[in-house]
Amino acid sequence: MNKIVLQFGLLIFSISVIYYSSRNIPIEDILLRSVIIFLTFTLLTGLIALIFMKSINKVSFEKNKETNFKL
């Protein structure tokens, strides 16, 4: 899951570099803005993925508990 999040972050980084370079901004500003976007997107996506995975595990654990109780 971490590899997927990182690859999406790198995709967003590349797209932002292309977008900002078409606006004739100095290279330092392009890289700074792109890195900020990359870090923000990667951290938020990783956090959302972590919460989603914990939610699925919790539901699965409760379902398993109910199944074992019926036996």
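Figured I'd write up the structure that's included with this text. Here the structure is a predicted model, which means the values were calculated and not measured. (Residues numbered from 1 in each chain as written. Predicted model: local features only at pLDDT ≥ 70, side-chain atom pairs only at ≥ 80, totals over all residues. Heavy atoms only, no water.)

Observations regarding the overall build of the protein chain
In step 1: Helices and strands together make up the secondary structure of the protein chain, namely two helices and zero strands.
In step 2: Against the 2.2 N^0.38 benchmark of 11 Å for 71 residues, the protein chain shows a C-alpha radius of gyration of 20 Å, more extended than a compact globule.
In step 3: Seen along its three principal axes, the alpha-carbon backbone of the protein chain occupies a region of about 70 × 15 × 15 Å.
In step 4: Per element, the accessible surface of the protein chain, about 6,200 Å² overall, is 70% carbon and sulfur.
In step 5: Within the protein chain, one finds 8 positive and 4 negative side-chain charges whose respective centroids are separated by 10 Å. (Helix = DSSP H or I, 4+ residues; strand = E, 2+ residues; numbered from the N terminus. Rg over C-alpha atoms; globule rule 2.2 N^0.38 Å. Areas by Shrake-Rupley, 256 points an atom, 1.4 Å probe, with all protein chains shown as cover. Lys, Arg positive; Asp, Glu negative; His and termini not counted. Charge placed at Lys NZ, Arg CZ, Asp CG, Glu CD.)

Focus on a nonpolar patch on the surface
In step 1: Taken together, Met1, Ile4, Phe8, Leu11, Ile15, Phe52, Met53 and Ile56 make up a surface patch of nonpolar side chains, about 780 Å² in accessible area.
In step 2: Among the secondary structure elements, those contributing two or more residues to the nonpolar patch are α1 (2-21) and α2 (27-70).
In step 3: In terms of residue count, the dominant contributor to the nonpolar patch is α1 (four residues).
In step 4: With respect to the helices and strands, the residue isoleucine 4 is situated in helix α1. (Patch = residues over 30% accessible without salt bridge, like charges linked within 9 Å, V, L, I, M, F, W, Y side chains within 5 Å. Salt bridge = Lys/Arg side-chain N within 4 Å of Asp/Glu carboxyl O.)

Things to note about the environment of glycine 9
In step 1: For glycine 9, the position within the fold is in helix α1.
In step 2: For glycine 9, a relative accessible area of 0% puts it in the buried group.
In step 3: Each C-alpha atom of the pair glycine 9 and lysine 65 lies 37 Å from the other, and the pair is 56 residues apart in sequence. (Buried < 20%, exposed > 50% of the residue type's maximum accessible area, 1.4 Å probe, protein only.)

Regarding the packing of aromatic side chains
In step 1: Under the counting rule described, the total for this entry stands at two aromatic pairs.
In step 2: Arranged with centres 6.2 Å apart and planes meeting at 75°, the rings of phenylalanine 13 and phenylalanine 38 form a pair that is edge-to-face. Of this pair, phenylalanine 13 sits in helix α1 while phenylalanine 38 sits in helix α2; the two residues are 25 residues apart in sequence, bridging distant segments of the chain.
In step 3: Judged by its relative accessible area of 17%, phenylalanine 38 is buried.
In step 4: The aromatic ring of tyrosine 20 is capped on one face by arginine 33, whose charged end is 5.4 Å from the ring centroid. (Phe/Tyr/Trp six-rings, centres within 6.5 Å; stacked < 30°, edge-to-face > 60°. Lys NZ or Arg CZ within 6 Å of the ring centre and 35° of its normal.)

Details of unusual backbone geometry
In step 1: One non-glycine residue, asparagine 24, lies in the positive phi region at around 55°.
In step 2: Relative to the helices and strands, asparagine 24 is located in the loop between α1 and α2.

Description of α1
In step 1: Given a rise of 1.5 Å per residue, 20 residues ought to cover 28 Å, and the 28 Å separating the end C-alpha atoms of α1 matches this to within 8%.
In step 2: Listing the buried residues of α1 in full gives Val5, Gly9, Ser16 and Tyr20. On an axial view of α1, the arc spanned by its buried residues comes to 35°, and they lie on one face. Exposed residues on α1 whose side chains face more than 90 degrees from its buried face are Lys3, Gln7 and Ile18. (Expected span 1.5 Å × (residues − 1). Arc of directions from axis to C-beta.)

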